[in-house]
Amino acid sequence: MLQAQWVQIGPATGSNGLTSLFVSGDTVFSSNSPGGSCYTTNLGLTWLQTGLSNANAVAGSKSGNVILIAADKIYRSINNGANFTATSDAVIFTGVSIQNNLAAATTNGNGIYVSTNGGATWAHPITPDHYTAVAVEGNYIFVSLAGQGLIRSTNSGATWEQ
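(A) The arrangement of the overall build of the chain in detail. Within the chain, the secondary structure is distributed over 0 helices and 15 strands. Partitioning the contacts of the chain with sequence separation of at least 6, the portion at a separation of at least 24 is 30%. Surface accessibility of the chain: about 8,300 Å² in total, with carbon and sulfur atoms responsible for 50%.

(B) Structural context of the pairing of strand β13 (residues 131–137). In this structure, β13 lies alongside strand β14 (residues 140–145), joined through 6 bridges in antiparallel fashion. Residue pairing in the sheet places A133 in a bridge with S144 of β14. Hairpin remark: β13 followed by β14, antiparallel, with 2 residues in the connecting loop; positive phi at G138, about 60°.

(C) Summary view of the nonpolar core. L68, I74, F93, V96, A105 and W122 are the most contacted members of the largest nonpolar core, which has 13 residues in total. Apart from the residues within four sequence positions on either side, L68 is in contact with A59, G60, S61, I74, Y75, R76, V96, I98, A103, G118, G119 and W122. Within the second largest apolar cluster, 12 residues are counted, among which are I112, Y131, V136 and V143.

(D) Quick look at the side chain of T27. Among the secondary structure elements, T27 is positioned in strand β2 (residues 27–32). Not counting residues within four places of it along the chain, the set of residues in contact with T27 comprises F22, T40, T41 and K62.

(E) Spatial organisation of the sheet that holds strand β6 (residues 66–70). Taken in spatial order, the 4 strands make up an open sheet running β5-β6-β7-β8, and their pairing is antiparallel. At either end of the open sheet lies a strand with only one pairing partner, and these are β5 (59–63) and β8 (85–86). Pairing analysis gives 4 bridges linking β6 to strand β7 (residues 74–77), with the strands arranged antiparallel. Bridging from a neighbouring strand, L68 pairs with R76 of β7.

(F) Quick look at the side chain of T106. Along the chain, the position of T106 falls in strand β10 (residues 102–107). Residues in contact with T106, not counting those within four places in the same chain, are F93, T94, G95, G111, Y131, T132, A133, V134 and V143.

(G) Broad picture of the sheet that holds strand β9 (residues 93–99). Pairing is antiparallel in the open sheet, where 4 strands are placed in the order β9-β10-β11-β12. Edge strands, defined here as strands with exactly one partner in the open sheet, are β9 and β12 (123–126). The sheet shows a mean angle of 25° between the axes of neighbouring strands, direction not considered. Where strand β11 (residues 112–115) and β12 come together, 2 bridges link them in antiparallel fashion. Bridged to V114 within β12 is A123.

Cut-offs used in this document
- Residues numbered from 1 in each chain as written.
- Predicted model: local features only at pLDDT ≥ 70, side-chain atom pairs only at ≥ 80, totals over all residues.
- Heavy atoms only, no water.
- Helix = DSSP H or I, 4+ residues; strand = E, 2+ residues; numbered from the N terminus.
- Contact = heavy atoms within 4.5 Å.
- Areas by Shrake-Rupley, 256 points an atom, 1.4 Å probe, with all protein chains shown as cover.
- Pairing = 2+ DSSP bridges.
- Core = buried A, V, L, I, M, F, W, Y, C linked by side-chain atoms within 4.5 Å.
- Buried < 20%, exposed > 50% of the residue type's maximum accessible area, 1.4 Å probe, protein only.
- Axes fitted to C-alpha atoms, helices over the stretch in contact; angles between N-to-C directions.

Set out below in structure tokens:
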């Protein structure tokens, strides 16, 4: 029987725990509470601090050089995580997904947010309810409605169906 060999590779930020982790190609983004967020572009050999130090991220997504982080707001980086800017209202976000310029974010009781410009600005087409996860593929947006299954949009968030 083979035994798994695990090696701690970081980031060592004095954190209490990992709150979010996502991978895109060779880039891995890690958010720690407290301690801020780190990323690696070489699959964990070396880690860099991001410009996002105080947000407790719950989800993240990357498309090209754009990274979106869901926390108390949606934070957007256009330089692979070196700097972030808040681009949404202050609500409790539960998920975020981006592909090309289409992005969607879910909230805990405050609906769904949709962006068609890579997360620079957000529309708020559906309110309120508790949405737990989101995925974007092409013009499709899939959203998990807590305890009630999935809803989807086939036209970048203009209309929705269950």
